[in-house]
Amino acid sequence: MFGRIKNFFHEVKVEAKKVNYPSKDELVGSTWVVITTVVVISVFLGIVDLGLAKIIKLLVR
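In this text the structure is predicted, and so the values were computed from the model without any measurement. (Residues numbered from 1 in each chain as written. Predicted model: local features only at pLDDT ≥ 70, side-chain atom pairs only at ≥ 80, totals over all residues. Heavy atoms only, no water.)

Secondary structure summary: the protein contains two helices and zero strands in total. Taking 2.2 N^0.38 as the reference for a compact globule, 61 residues should give roughly 10 Å; the C-alpha atoms of the protein span a radius of gyration of 25 Å, well beyond that estimate. Counting only C-alpha atoms, the protein reaches 75 × 35 × 10 Å along its principal axes. Counting the 61 residues in the protein, one finds 0% classified as buried. Entry remark: accessible area of the protein is about 6,200 Å², with carbon and sulfur atoms responsible for 72%. (Helix = DSSP H or I, 4+ residues; strand = E, 2+ residues; numbered from the N terminus. Rg over C-alpha atoms; globule rule 2.2 N^0.38 Å. Buried < 20%, exposed > 50% of the residue type's maximum accessible area, 1.4 Å probe, protein only. Areas by Shrake-Rupley, 256 points an atom, 1.4 Å probe, with all protein chains shown as cover.)

So, about the packing of aromatic side chains. Enumeration according to the criterion identifies one aromatic pair in this entry. Note on Phe8 and Phe9: the rings are 5.3 Å apart at their centroids and 70° apart in plane angle, and the pair reads as edge-to-face. Phe8 gets classed as partly exposed once you look at its relative accessible area, which sits at 49%. For Phe9, a relative accessible area of 53% gives the class exposed. (Phe/Tyr/Trp six-rings, centres within 6.5 Å; stacked < 30°, edge-to-face > 60°.)

It is worth spelling out the pattern of salt bridges at this point. Enumeration over the complete set of coordinates arrives at one salt bridge. Lys18 serves as the salt-bridge partner of Glu15, at 3.3 Å between the closest nitrogen and oxygen. Of this pair, Glu15 and Lys18 both sit in helix α1 (residues 2-18), three residues apart, which is roughly one turn of the helix. (Salt bridge = Lys/Arg side-chain N within 4 Å of Asp/Glu carboxyl O.)

In this section: the environment of Gly46. If you trace the backbone, Gly46 turns up in helix α2 (residues 24-60). Spatially, the C-alpha atoms of Gly46 and Asp25 are 32 Å apart, while their sequence positions differ by 21 residues.

What follows is about a nonpolar patch on the surface. A cluster of nonpolar side chains, contributed by Ile41, Phe44, Leu45, Val48, Leu52, Ile55, Ile56, Leu59 and Val60, occupies part of the molecular surface with about 910 Å² of accessible area. Structurally, Ile41 can be placed in helix α2. For Ile41, a relative accessible area of 46% puts it in the partly exposed group. (Patch = residues over 30% accessible without salt bridge, like charges linked within 9 Å, V, L, I, M, F, W, Y side chains within 5 Å.)

On to the environment of Thr31. In this structure, Thr31 sits in helix α2. The sequence separation of Thr31 and Glu11 amounts to 20 residues, and the corresponding C-alpha distance is 31 Å.

Here is the structure:
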């Protein structure tokens, strides 16, 4: 049983060495893309929500 656990962690170490980690510049660039996308979608959904709320108010009155 301990041999299987040891083998598992050895395989994890081998696979982790194969991973291509992003550079700092790539990471910062990707982060800005995510932040910008979230802000744009949030503003869009906020505008849609306000518009739909006004339409519902007009229909309910």
